[in-house]
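In case you want the letters, here they are:
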Amino acid sequence: MKNSKVEVYYKPEVPDTVGDGILEDITDLGISGVDAVRTATVYWIEGTLNTQTVDRIGSELLADPITQTYTCANQDNASKDWTLEVQFKPGVTDAVGDSTVKGIQDLGITGVTTVRTGHKYWLTGDLNAERIETIAQRLLMNDVIQTFSYRAPVS
Amino acid sequence: MMQPKVLILRTAGTNCDAETETAFQLAGAETALVHIQNLISGKVNLSDYHILAIPGGFSYGDDISAGILLAVEMKHKLTDELNRFVGAGKLVIGICNGFQVLVRTGLLPGTDSSAEMTQRATLAMNTSAKFECRWVDLETQESPCVFTKGIKPCVYLPVAHAEGRFTAPADVLADLEANNQVVFRYADSGYPNNPNGSDADIAGICDATGRIFGLMPHPERFLTKWNHPRWTRIAEVQGSGSEEGDGLAIFKNAVNYVKANRL
Amino acid sequence: MSSTVNEINILNADDAELMRISREGTLSLNLNEMKTIQTHFGALGRNPTDVEIETIAQTWSEHCVHKTFKSIIRYSEDGKAPEQIDGLFPTYIQRATEDIAKPWCVSVFSDNAGIIEFDETFNLVFKVETHNHPSAIEPYGGAGTGIGGVIRDSLGTGLGAKPILNTDVFCFGMSDMPYTALPKGTLHPKRVFKGVVAGVRDYGNRMGIPTANGAILFDSRYTANPLVFCGNVGLIPRNRCEKSVEPGDLVVAVGGQTGRDGIHGATFSSAELDDTSESLGSVVQIGNPIMEKKIVDALLQARDRNLYRSITDCGAGGFSSAVGEMGEDIGAEVHLERVSLKYEGLAPWEIWLSEAQERMVIAVPPENLSELVAICEAEFVEATVLGTFTDSHRLQVFYEGAIVADLEMEFLHNGLPKPVKAAVWQPPKHPEMPSRDEGIGVGNPSYMDDLRRLLASPNIASKESVIRQYDHGVQGGVVINPLVGVANDGPSDACVITPVLGSRKGVVIANGINPKYSDVDPYLSAASAIDEALRNIVAVGGTLEKTALLDNFCWGNPDKPDRLGELVRAAKACYDFATAYGTPFISGKDSLYNEYRDTTTGEQRAIPSTLLISAICVIPDICNAVTMDVKAPDNLIYVVGNTYAELGGSHYFGIHGFIGNSAPVVRPDDGKRTMERLSSAINSGLVRSCHDCSEGGIGVAVAEMAFAGGYGMRLNLDNVPIGDETDADDYLLFSESNSRFIVEVEPQHREAYENHIAGVPIGYLGTVTESPEFVITGKTGHPIVETSIDVLKSAWQTPLHS
């Protein structure tokens, strides 16, 4: 498997305080109708790794075993929520990505030289593309260093 | 009389090392600040020391989650050294980031069965979702912890962290209570005195032997009475003949334990 | 972009072409400067390369040489005949320090930060600078790299100081501004606020440096141009305060890799922002505090082993400025292909100018190189030899063997033509607000609501929600916290730390800033900022005798005579009041061009002229420090210093929509006597609490002291000492006259205290009460404030908690 994408997020019973904060900020923006925001950290791991190895990285390094869970999502799964992904533009320093490479090496796993990180958001409620773009641009990313993409819910 | 030797572990992002060193020196120990690289390379032997202190800070930026990268490094690069050190009955203390590291290595709360280190609890994002820098009242619990032997029933110490909410599955929490492994609780369960929303108001725990101790509050920041945030107004603080802060007793206990047990 | 070098054709360019080259290259050079470069290269018979012209532009930028502060100014005041000023900096700032001539000033204005004496072993360094433009565009990264940059200034002073304290002052637009009113291309003030606080928090906390002092101000004119002042105090061994460079020393870069980040930051700061500025993506700098921590860890070890002779940080202008400055007196040659890059594809000029963060340059004698490299490797920090310092008196830059820049140091550093600028000052006239006393009295509303509104106004209200996000206890030396009182939540006037654990010798850090007075007169604003910073020092137990100042000017476009006139006024005040108080400037910085231009409407907005004065004081024994919270019932409350009808630019006028015309004056003879006697009373143990009387006047000061201490007060205004004919209750309560304090004295010390402070006007206001009632009786005999401290505290705490 070439280049893996791992999404790390809180277990359903654990409060996602970051998501809750964003929800407040959305209300402050004057946008009503958003019911919930859940967040994930996304890791794009560059290198040829088998599924087992990616699983080890997810469980022993990236996801906290008590409060978090992870999925190895190479293809975008359909979601019933709006999904929004923010990542750094090429060339922008990604310190967390660099640290992740170190962690992977310490686990004894070879062949990974680059990890890029980003954030994923699931938004539920009364939304449309325009609102999603406003939320992204006003709150969740900065055009100068990041890019974003989003997908409408699949019913 | 031999002088207990303390290894204060450093790595990129460690930042409470100097005051932790001062605390152990005031307590009568000989100290060394050692970069983890020098333990891994074998330049420094952990077994030459009696106490391992993992100080506060942001090891490797706390990237991914607080303390995980240092924990992974210790678990995979120092496995034997750590097992031998702990097995020899020596002492380990982790403060703030150091506590996060001990929990993520599995050294805390620890198991009584195997040498396999598994993470059984965690220190999650504060419920306030913010970094919190404040002083808190702590209740000292009945525990086997050698670091808190005989100290005051109520201790006042500062916390400064964003990821300090101690949480664990119900069975692990029940074990902790059954084994008296809870060393400190936040004295008032509401925010802000429980600054992070910890389960059962847990601020610090030890392993079953009492020789491995981790806590979120910073005893090394209360070494003199002038560190107390209200030293200008509290008669007891102002008037007491002693210039010693509450935090120092924890370090003295460790040093005295090493002396008493001739480790 | 290609990795080649281009020749810039200026030899045959006419004026319009020269300006096109300057503008399109973001060089921010004016015509006179472009022509000077043209003449210089004309004599050499060749065109400059892009590397050369970029190097000159960086070195000559406002950011790097502060040309406005060195320019000749023809200044005309209120229509009078013009006066010629040969440089604001030498005339008003540097001269003040020279005239004051304190023996404990070790190094002023020459290094990356000022240095003063601390104890037998250590000195202190202190520097404050701004990171305004980057924070406007990317608040989190801009503010983080702002604090990162000023920390490197401490590390780059002498042979390197250990950073021990951060101070941060922010000016933002109003948080409740409607999104529809937001100027095009700007971020909402709320977003800027959150981002800036998070940036400073994450950088400072990760570095393990306590952030224990600061301020946050709000004014709608800061919306497009927020101000982010970042300061750092460092501790340095006395025998490591001097630097030198010898020919043959190696030019060694230490720290992070170089990328395309932050290119043109120095010249960018010499430009106004407009609604297209955010497209200047490359100016954004990305910070990595752990990298910087590693550099500090490595370099302080190398410093203690004497492995290098000189050090400076890579700030504005990157390597071009750092190497150019270090080699100014001798010469240097650098090989750009040796630079460690984040990624391929950078043109030589980009490598040379990049403002990638977390990089230092040191001058290493060759025999020390291997030991230095070993230390850096042990801390996982890259150290790269880029070249050699020479005796050529030239700055020579090579790329893959070919010379890409060959500049005379003399031209680079002294070739900049001294500009002549015009400045005018015309005092404004604002509508005056009369006292509202007539409407107050029996059966009428009191000043209760005014006091509550003042406490809840964003500039005065509690900043606890921000302060608690900063680690102020790390390093274990903080003894007076930013939040004090019975519940650890009252507003401290200043912070006190013991930088050497085990010693009781302390450092006090405070600040003063009054941009609202600039609407009346920037001279008074600057004078008041100095007075306020000194009051804050004195209020916790410091003394004028051991206090040094830093100046940070944030202004609009100084090419406009009215903006420059305001700058002249403020600079004059700096001289007048620094010398009057005997408190020297040891370092300073300016950020000009803080204006916003809407390219569609052509509308132009400048920030209020803003001078931040930061103060540092060494105290012999922290045991004598006091805090502002009242300590016990039945203690006596005094006001110290005269009150005048000085409400111009005050918060009281502000909440009623007025500016007024009589901003607080500083009377330095009175002020100095007041502060010296009060310092003496505090250090003799006669004062239980002391609070600086500033925003919101006596009313706000006594309220803050009461609720911070958890006790009520029963006061009346009868004995408030006045310096003029003022007798209106609201003026007495809310005037912001300078050099005043509120103090709490135990009854048994009444006589000793009054004797101690003899010669200073004081007024006994009343007592501290066990009950939480808070009552102030006016001159008319009616209670003008009657409430409880809980109501006042809640008014003060609510706004920024929500």
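Below: a short report on this structure. (Residues numbered from 1 in each chain as written. Chains lettered and ligands numbered in written order. Predicted model: local features only at pLDDT ≥ 70, side-chain atom pairs only at ≥ 80, totals over all residues. Heavy atoms only, no water.)

1. Quick notes on the overall build of chain A
Line of reasoning, step 1. Looking only at helices and strands, chain A has four helices and six strands in total.
Line of reasoning, step 2. The order of helices and strands in chain A, counted from the N terminus, is β-α-β-α-β-β-α-β-α-β.
Line of reasoning, step 3. Rg of the C-alpha trace for chain A: 16 Å, near the compact-globule value of 15 Å for 155 residues, within the 12% margin.
Line of reasoning, step 4. Judged by the C-alpha coordinates and their principal axes, chain A covers about 50 × 35 × 25 Å.
Line of reasoning, step 5. Restricting the contact set of chain A to residue pairs at least 6 apart, pairs at least 24 apart contribute 80%.
Line of reasoning, step 6. Each charge class in chain A can be summarised by its mean position, and for the 13 positive and 22 negative side chains these summaries are 5 Å apart. (Helix = DSSP H or I, 4+ residues; strand = E, 2+ residues; numbered from the N terminus. Rg over C-alpha atoms; globule rule 2.2 N^0.38 Å. Contact = heavy atoms within 4.5 Å. Lys, Arg positive; Asp, Glu negative; His and termini not counted. Charge placed at Lys NZ, Arg CZ, Asp CG, Glu CD.)

2. A closer look at the overall build of chain B
Line of reasoning, step 1. For chain B, the count of helices and strands is eight helices and 11 strands.
Line of reasoning, step 2. Computed over its C-alpha atoms, the radius of gyration of chain B comes to 17 Å, within 12% of the 18 Å expected for a compact globule of 263 residues.
Line of reasoning, step 3. By the burial criterion, 64% of the 263 residues in chain B qualify as buried.
Line of reasoning, step 4. Residue pairs at least 24 apart in sequence account for 74% of intrachain contacts in chain B once pairs closer than 6 positions are excluded.
Line of reasoning, step 5. For chain B, the accessible area works out to roughly 8800 Å², and carbon and sulfur atoms hold 46% of it. (Buried < 20%, exposed > 50% of the residue type's maximum accessible area, 1.4 Å probe, protein only. Areas by Shrake-Rupley, 256 points an atom, 1.4 Å probe, with all protein chains shown as cover.)

3. Details of the state of the cysteines
Residues and elements named next belong to chain C.
Line of reasoning, step 1. Applying the stated criterion across every chain, the model contains zero disulfides over all chains.
Line of reasoning, step 2. Lacking any disulfide linkage, Cys241 is separated from the closest cysteine sulfur, that of Cys105, by 13 Å.
Line of reasoning, step 3. Under the relative-accessibility criterion, Cys241 is labelled buried at 9%. (Disulfide = S-S within 2.5 Å.)

4. Side note on unusual backbone geometry
Both trends apply: most residues other than glycine have a negative phi, and most peptide bonds are in trans.
All names here are of chain B.
Line of reasoning, step 1. Residue Pro109 is bonded to the preceding Leu108 through a cis peptide linkage, with omega at -10°.
Line of reasoning, step 2. Mapped onto the elements of the fold, Pro109 is located in the loop between α5 (97-105) and β5 (122-124).
Line of reasoning, step 3. Following Tyr191, the chain continues to Pro192 via a peptide bond in cis, the omega torsion being 10°.
Line of reasoning, step 4. As for its position among the elements, Pro192 is in the loop between β9 (182-186) and β10 (202-206).
Line of reasoning, step 5. Despite not being glycine, Ala200 shows a phi value in the positive range, around 50°.
Line of reasoning, step 6. Its place among the elements puts Ala200 in the loop between β9 and β10.

5. With respect to the sheet that holds strand β3 (residues 51-54) of chain B
Residue and element names in this part refer to chain B.
Line of reasoning, step 1. Across the sheet, which stays open at both edges, the nine strands sit in the order β2-β1-β3-β4-β11-β10-β9-β6-β7 with mixed pairing between neighbours. Either end of the sheet is taken by a strand with one partner, and the two such strands are β2 (30-35) and β7 (154-161). Adjacent strand axes in the sheet meet at a mean angle of 20°, parallel and antiparallel pairs treated alike. (Pairing = 2+ DSSP bridges. Axes fitted to C-alpha atoms, helices over the stretch in contact; angles between N-to-C directions.)

6. Some thoughts on the sheet that holds strand β2 (residues 83-86) of chain C
Residue and element names in this part refer to chain C.
Line of reasoning, step 1. An order of β2-β1-β17 is seen for the three strands of this open sheet, with the pairing classed as mixed. Strands at the two margins of the open sheet, each flanked by one partner only, are β2 and β17 (420-425). Averaged over all pairs of adjacent strands, the angle between strand axes in this sheet comes to 25°, irrespective of strand direction.
Line of reasoning, step 2. With four bridges connecting them, strand β1 (residues 72-77) and β2 associate as antiparallel partners. Bridging across to β2, Ile73 finds its partner in Ile85.
Line of reasoning, step 3. In this fold helix α6 (residues 88-100) packs onto β1 and β2, with an angle of close to 70° to the strand it touches most, β2.
Line of reasoning, step 4. Packing against the sheet, helix α19 (residues 561-581) makes contact with β1, β2 and β17, and its axis sits at approximately 80° to β17.

7. Some points on the interface of chain A and chain B
Line of reasoning, step 1. Facing 20 residues of chain A, the contacting portion of chain B comprises 23 residues.
Line of reasoning, step 2. Across the chain A to chain B interface the summed buried area is about 1600 Å²; carbon plus sulfur atoms make up 64%.
Line of reasoning, step 3. Run the count over chain A and chain B and you get three salt bridges.
Line of reasoning, step 4. The closest approach of N and O atoms between Lys77 of chain B and Asp106 of chain A, which form a salt bridge, is 3.2 Å.
Line of reasoning, step 5. For the interface between chain A and chain B, the tally reads six residue pairs in polar contact (both at pLDDT 80 or more).
Line of reasoning, step 6. Mapped by element, the contributors of at least two residues to the side of chain A that touches chain B are α2 (51-62) and α3 (95-106) of chain A.
Line of reasoning, step 7. Per element, the largest residue contribution to the side of chain A that touches chain B is seven residues, and it comes from α3 of chain A. (Buried area = accessible area lost by both parts, 1.4 Å probe. Salt bridge = Lys/Arg side-chain N within 4 Å of Asp/Glu carboxyl O. Polar contact = N/O pair within 3.5 Å; in protein donor to acceptor, adjacent residues only side chain to side chain.)

8. A short note on the pattern of salt bridges
Line of reasoning, step 1. The final tally for this structure, using the stated rule, is 66 salt bridges over all chains.
Line of reasoning, step 2. Asp175 of chain B is the partner of Arg120 of chain B in a salt bridge, and the nearest nitrogen-oxygen pair spans 3.4 Å. In this pair, Arg120 of chain B is assigned in the loop between α5 and β5 and Asp175 of chain B in helix α6 (residues 170-178), connecting sequence segments 55 residues apart.
Line of reasoning, step 3. On the basis of relative accessible area, Asp175 of chain B is assigned to the partly exposed category, the value being 37%.
Line of reasoning, step 4. Notably, a salt bridge pairs Asp449 of chain C with Arg452 of chain C, separated by 3.3 Å at the nearest N-O pair. Pair noted here: Asp449 of chain C and Arg452 of chain C are both in helix α16 (residues 448-456), with a separation of three residues, about one helical turn.
Line of reasoning, step 5. A relative accessible area of 39% means that Asp449 of chain C is categorised as partly exposed.
Line of reasoning, step 6. Classification of Arg452 of chain C as partly exposed rests on a relative accessible area of 34%.
Line of reasoning, step 7. In this structure, a network of salt bridges that share partners links the residues Arg10 and Asp17 of chain B together with Lys293, Asp297 and Glu379 of chain C.

9. A few points about the packing of α2 of chain A against helix α3 (residues 68-77) of chain B
Each packed pair of helices is defined by two parameters, the angle between the axes and the distance between the axes.
Line of reasoning, step 1. Where α2 of chain A contacts α3 of chain B, the two axes come as close as 10 Å, and the packing angle between them is 110°. Considering their axes alone, α2 of chain A and α3 of chain B lie roughly perpendicular with respect to each other. When α2 of chain A is examined against α3 of chain B, the residues Arg56, Glu60 and Leu61 of chain A are found in contact with a partner set consisting of Ile68, Leu69, Val72 and His76 of chain B.
Line of reasoning, step 2. Partitioned by chemical class, the residues of the contact of α2 of chain A with α3 of chain B number four nonpolar, one polar and two charged. (Parallel < 35°, antiparallel > 145°, perpendicular 65-115°, else oblique. Nonpolar A, V, L, I, M, F, W, Y, C, P; charged D, E, K, R; others polar.)

10. Remarks on the nonpolar core
Line of reasoning, step 1. One finds Val702, Ile742, Val743, Tyr753 and Phe774 of chain C to be the most contacted residues of the largest nonpolar core, which totals 124 residues.
Line of reasoning, step 2. Those residues in contact with Ile742 of chain C, other than ones at most four positions away along the chain, are Ile637, Tyr638, Val639, Ser689, Cys690, His691, Cys693, Ile698, Ala701, Val702, Met705 and Leu765 of chain C. (Core = buried A, V, L, I, M, F, W, Y, C linked by side-chain atoms within 4.5 Å.)

11. Topic: the interface of chain C and chain B
Line of reasoning, step 1. Each partner contributes to the interface: chain C provides 44 residues, whereas chain B provides 31 residues.
Line of reasoning, step 2. Counting the surface chain C buries against chain B, the share from its top three residues, Arg206, Arg468 and Asn488 of chain C, is 17%.
Line of reasoning, step 3. Summed over the shared surface of chain C and chain B, the result is five salt bridges.
Line of reasoning, step 4. With its nearest N and O atoms 2.9 Å apart, the salt bridge here joins Asp471 of chain C to Arg221 of chain B.
Line of reasoning, step 5. The interface formed by chain C and chain B holds 18 residue pairs in polar contact (both at pLDDT 80 or more) in total.

12. Let's talk about empty space enclosed by the protein
Line of reasoning, step 1. This structure, assessed with the given rule, holds five cavities of 30 Å³ or more.
Line of reasoning, step 2. Here the largest cavity defines a volume of roughly 850 Å³.
Line of reasoning, step 3. Partitioning the lining of the largest cavity into residue classes produces 23 nonpolar, 12 polar and 10 charged.
Line of reasoning, step 4. Roughly 170 Å³ of volume is contained in the second largest cavity.
Line of reasoning, step 5. What lines the second largest cavity is a set of 16 residues, and nearest its centre among them are Trp135 and Pro158 of chain B together with His472, Gly473 and Asn481 of chain C.
Line of reasoning, step 6. With three residues, strand β6 (residues 132-140) of chain B is the single largest residue contributor to the lining of the second largest cavity.
Line of reasoning, step 7. When grouped by side-chain class, the residues that make up the lining of the second largest cavity number six nonpolar, seven polar and three charged. (1 Å grid on protein atoms, 1.4 Å probe; cavity = no way out; pocket = protein on both sides within 12 Å on 5 of 7 lines; lining within 4 Å. Points joined across faces, edges and corners; volume = space filled by probe spheres on them.)

13. Re the packing of aromatic side chains
Given two aromatic rings, their pairing is described by the distance between the two centres and the angle made by the two planes.
Line of reasoning, step 1. The tally for this structure, following the rule as stated, stands at 27 aromatic pairs over all chains.
Line of reasoning, step 2. Judged by centre distance (6.3 Å) and plane angle (40°), the rings of Tyr652 of chain C and Phe653 of chain C are tilted.
Line of reasoning, step 3. On the basis of relative accessible area, Tyr652 of chain C is assigned to the buried category, the value being 0%.
Line of reasoning, step 4. For Phe653 of chain C, a relative accessible area of 1% corresponds to the buried category.
Line of reasoning, step 5. Three or more aromatic residues joined by ring pairs make a cluster, and in this case those are Tyr447, Tyr652, Phe653, Phe658, Tyr731 and Phe734 of chain C.
Line of reasoning, step 6. Positioned above the aromatic ring of Tyr49 of chain B, the side-chain terminus of Lys5 of chain B is 5.2 Å from the ring centre.
Line of reasoning, step 7. One cation-aromatic arrangement involves Lys505 of chain C over Phe118 of chain C; the distance from NZ or CZ to the ring centre is 5.9 Å. (Phe/Tyr/Trp six-rings, centres within 6.5 Å; stacked < 30°, edge-to-face > 60°. Lys NZ or Arg CZ within 6 Å of the ring centre and 35° of its normal.)

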